[in-house]
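Structural overview
As a plain string of letters, each chain reads:
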Amino acid sequence: MGRQKRVGGIVEEIDGGVAELHPDDGRPGRWTLLVDGYPQSAVDLDDPRRLDFEYMRRLASIVDGVAPAGTPLSVLHLGGGALTMARYVAATRPGSSQRVVELDAALIALVRRVLPLPRTADIRVRAMDARAAVESMSGGRFDLIVADVYRGARVPAHLTSLEFLTAAAKLLRPGGVYTANLADGTGLAFARGQIATLRQLYADVCLLAEPSVLRGRRFGNVILAASSAPLPVAGFARAGAADAFPARLVHGEDLDRLVAGARVVTDAIATQSPAPPAGIF
């Protein structure tokens, strides 16, 4: 198919399917990325701190809480998309060193061409499978790992296991934070398994999600955060409550009850996250 222009947008074949970049006619500099019809990222080139997708705002609340405002961080992003979170970190924490791992080289090229990164930002992007990249890196390099990897709107199975999460944990500095964007539906079986697995590796784990998602009323995003040190959960809770689509923080005994009976996920039993219901997007 090659590159095609639609009214107000670009459609282009990438390694993993078809990517669409659509500008916002009412807000210059704002673009939305879709892959195979699924919304992936929204970027405001004029103000990277402005995040339109609520799950991005939840991830941003983790970024905001892991260190004092403005403090540079060393960050590993697993999953690139339109590089929204890397741009956010660069805008809110100048001087940060960021590494992005994105499997789709053609997607990286498209995003770089149409939505160039700030020249002053230390953001390096590598085309590679996230697990292979994690297992090839030296330990103790990062203050924060942001995992947001999807293939066909589902988290790949090989990025959900104890073996993978153990390798990722070794990349964090003492007290570093691992955070992940998941999507789940009724019963939260997938998210519960991920929490049980993270609890094998980290002393403190929490969850952020909209109440309707927690009650199993709808399919939606679940944000997890984990650390060997106490998490700043009060700040996470305030940010979630103040959002236009408020999120509830689940932690401590409440998380114990949510996860009760969930099985630790290993490579032998790992599955991809559930598919979104038809028509949800």
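Structure shown above.
Heads up: these notes are all about the structure in this document. As the structure is a prediction and not an experimental result, all values here were calculated from the model. (Residues numbered from 1 in each chain as written. Predicted model: local features only at pLDDT ≥ 70, side-chain atom pairs only at ≥ 80, totals over all residues. Heavy atoms only, no water.)

Observations regarding the pairing of strand 7 (residues 97-102)
Threshold: Accessibility here uses a 1.4 Å probe with only protein chains present; expressed as a share of the type maximum, an area under 20% marks a residue as buried, one over 50% as exposed, and anything in between as partly exposed. For helices the rule is a DSSP run of H or I covering at least 4 residues; for strands it is a run of E covering at least 2, with both sets numbered from the N terminus onward. At least two bridges found by DSSP between two strands are what make those strands a pair.
Of all 6 residues that make up strand 7, 5 are buried, and the element is covered over most of its length. Bridge analysis of strand 6 (residues 74-78) against strand 7 gives 5 bridges, and the strand direction is parallel. Bridge assignment links Leu76 to a residue of strand 7, and that residue is Arg99. Where strand 7 lies against strand 8 (residues 122-127), 6 bridges are found, and the strand directions are parallel. Following the sheet pairing, Ser97 is matched in strand 8 by Asp122.

Examining the pairing of strand 5 (residues 38-44)
The element strand 5 is largely enclosed, with a buried count of 5 among its 7 residues. Across 6 bridges, the pairing between strand 4 (residues 30-35) and strand 5 is antiparallel. Across the sheet, the residue bridging to Trp31 is Val43, located in strand 5. Between strand 4 and strand 5, which pair antiparallel in sequence order, lie 2 residues; one of them, Asp36, sits at a positive phi of approximately 55 degrees.

Remarks on the environment of Ala244
Within the element layout of this structure, Ala244 appears in the loop between helix 8 (233-242) and strand 13 (248-251). Sequence separation between Ala244 and Leu76 is 168 residues, and the spatial gap between their C-alpha atoms is 28 Å.

With respect to the packing of aromatic side chains
The test is simple: Only Phe, Tyr and Trp rings are paired, with Trp represented by its six-membered ring, and only when their centres lie within 6.5 Å; those with planes under 30 degrees apart are stacked, over 60 edge-to-face, the remainder tilted.
Within the structure shown, the criterion is met by 1 aromatic pair. Both rings, one in Phe53 and one in Tyr55, keep their centres 6.2 Å apart while their planes meet at 40 degrees; by these two values the pair is tilted. Given the relative accessible area of 10%, Tyr55 is considered buried.

Quick look at empty space enclosed by the protein
Counted only if it meets this: Throughout, the protein atoms alone are placed on a 1 Å grid, and a set of points is a cavity if a 1.4 Å probe fits but cannot get out or a pocket if it is open with protein on both sides within 12 Å along at least five of seven lines; lining residues have an atom within 4 Å of a point. Grid points are joined across faces, edges and corners, and a volume is the space filled by probe spheres set on the points.
Enumeration over the complete set of coordinates arrives at 1 cavity of 30 Å³ or more. If you add up the space inside the largest cavity, you get close to 120 Å³. Along the wall of the largest cavity there are 17 residues; nearest its centre are Ala147, Leu159, Tyr178, Ala180 and Leu182. When residues of the lining of the largest cavity are traced back to their parent elements, those giving at least two are helix 5 (162-169), strand 10 (172-184) and helix 6 (189-198).

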